[in-house]
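Below are the chains, spelled out letter by letter.
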Amino acid sequence: MTAVLYDEVVTATPAPRLRVVREGAPIETPAPAKVKVARQVANPPFGAAGDPLVDGAARMLTIPIRHFYAALWRIGVLEVRA
């Protein structure tokens with residue numbers, strides 16, 4: 001097991017400067033920057049995510065845990081709120 005201590009000091013950025021915009025004056029807005037989105041594989045092939053034991057156990061327990069939560073929801077132990 002490895003313990004990591006983060007002792008870096010993070011400084012806050014200064015507040016943006018505000019300016020008065022008169023009524024009827026055109027408002028300048030910067031053009032939106034194009035953002036590249038990296039595609040991620042929804043379900044990587046078995047063994048490609050990391051530790052094979054953890055990956056296998058997670059795959060094996062996923063469906064029973066979902067069924068367990070569904071049963072608890074049906075009998076009223078769990079309550080779902082929006």
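Residues numbered from 1 in each chain as written. Predicted model: local features only at pLDDT ≥ 70, side-chain atom pairs only at ≥ 80, totals over all residues. Heavy atoms only, no water.

Asks: Before we move on, can you summarise the overall build of the chain with the specific residues and values?
Replies: Tallying secondary structure elements over the chain gives one helix and zero strands in all. A buried classification covers 4% of the 82 residues belonging to the chain. If you sum the accessible surface of the chain, you get close to 9300 Å²; carbon and sulfur atoms cover 61% of it. (Helix = DSSP H or I, 4+ residues; strand = E, 2+ residues; numbered from the N terminus. Buried < 20%, exposed > 50% of the residue type's maximum accessible area, 1.4 Å probe, protein only. Areas by Shrake-Rupley, 256 points an atom, 1.4 Å probe, with all protein chains shown as cover.)

Asks: Which residues make up the pattern of salt bridges, and what values do they have?
Replies: Per the stated rule, a full pass over the model turns up one salt bridge. The shortest N-O distance in the salt bridge between Asp 55 and Arg 59 comes to 3.9 Å. Highlighted residues: Asp 55 and Arg 59, both in helix H1 (residues 52–75), separated by four residues, approximately one helical turn. A relative accessible area of 14% places Asp 55 in the buried class. Given the relative accessible area of 43%, Arg 59 is considered partly exposed. (Salt bridge = Lys/Arg side-chain N within 4 Å of Asp/Glu carboxyl O.)

Asks: A description of the packing of aromatic side chains should follow, citing residues and the corresponding values.
Replies: Within the structure shown, the criterion is met by one aromatic pair. Consider the rings of Phe 68 and Tyr 69, whose centres lie 6.2 Å apart with planes at 70 degrees: the pair is edge-to-face. (Phe/Tyr/Trp six-rings, centres within 6.5 Å; stacked < 30°, edge-to-face > 60°.)

Asks: Could you give an account of H1, with specific residues and numbers?
Replies: Here H1 spans 35 Å end to end across 24 residues, near enough to the 34 Å set by a 1.5 Å rise per residue. The largest bend along H1 measures about 35 degrees and falls at Thr 62, with the proline Pro 64 one to four residues further on. Among the residues of H1, those classed as buried are Asp 55, Gly 56 and Leu 72. Note on H1: the residue one or two positions beyond its end, Gly 76, has a positive phi of about 95 degrees. (Expected span 1.5 Å × (residues − 1). Bend = angle between axes of the 7 residues up to and from the residue.)

Asks: Provide a residue-level description of a nonpolar patch on the surface, including the pertinent values.
Replies: Taken together, the side chains of Met 60, Leu 61, Ile 65, Phe 68, Tyr 69, Trp 73, Ile 75, Val 77, Leu 78 and Val 80 make up a nonpolar region of the molecular surface, amounting to roughly 1100 Å² of accessible area. Within the secondary structure, Ile 65 is located in helix H1. (Patch = residues over 30% accessible without salt bridge, like charges linked within 9 Å, V, L, I, M, F, W, Y side chains within 5 Å.)

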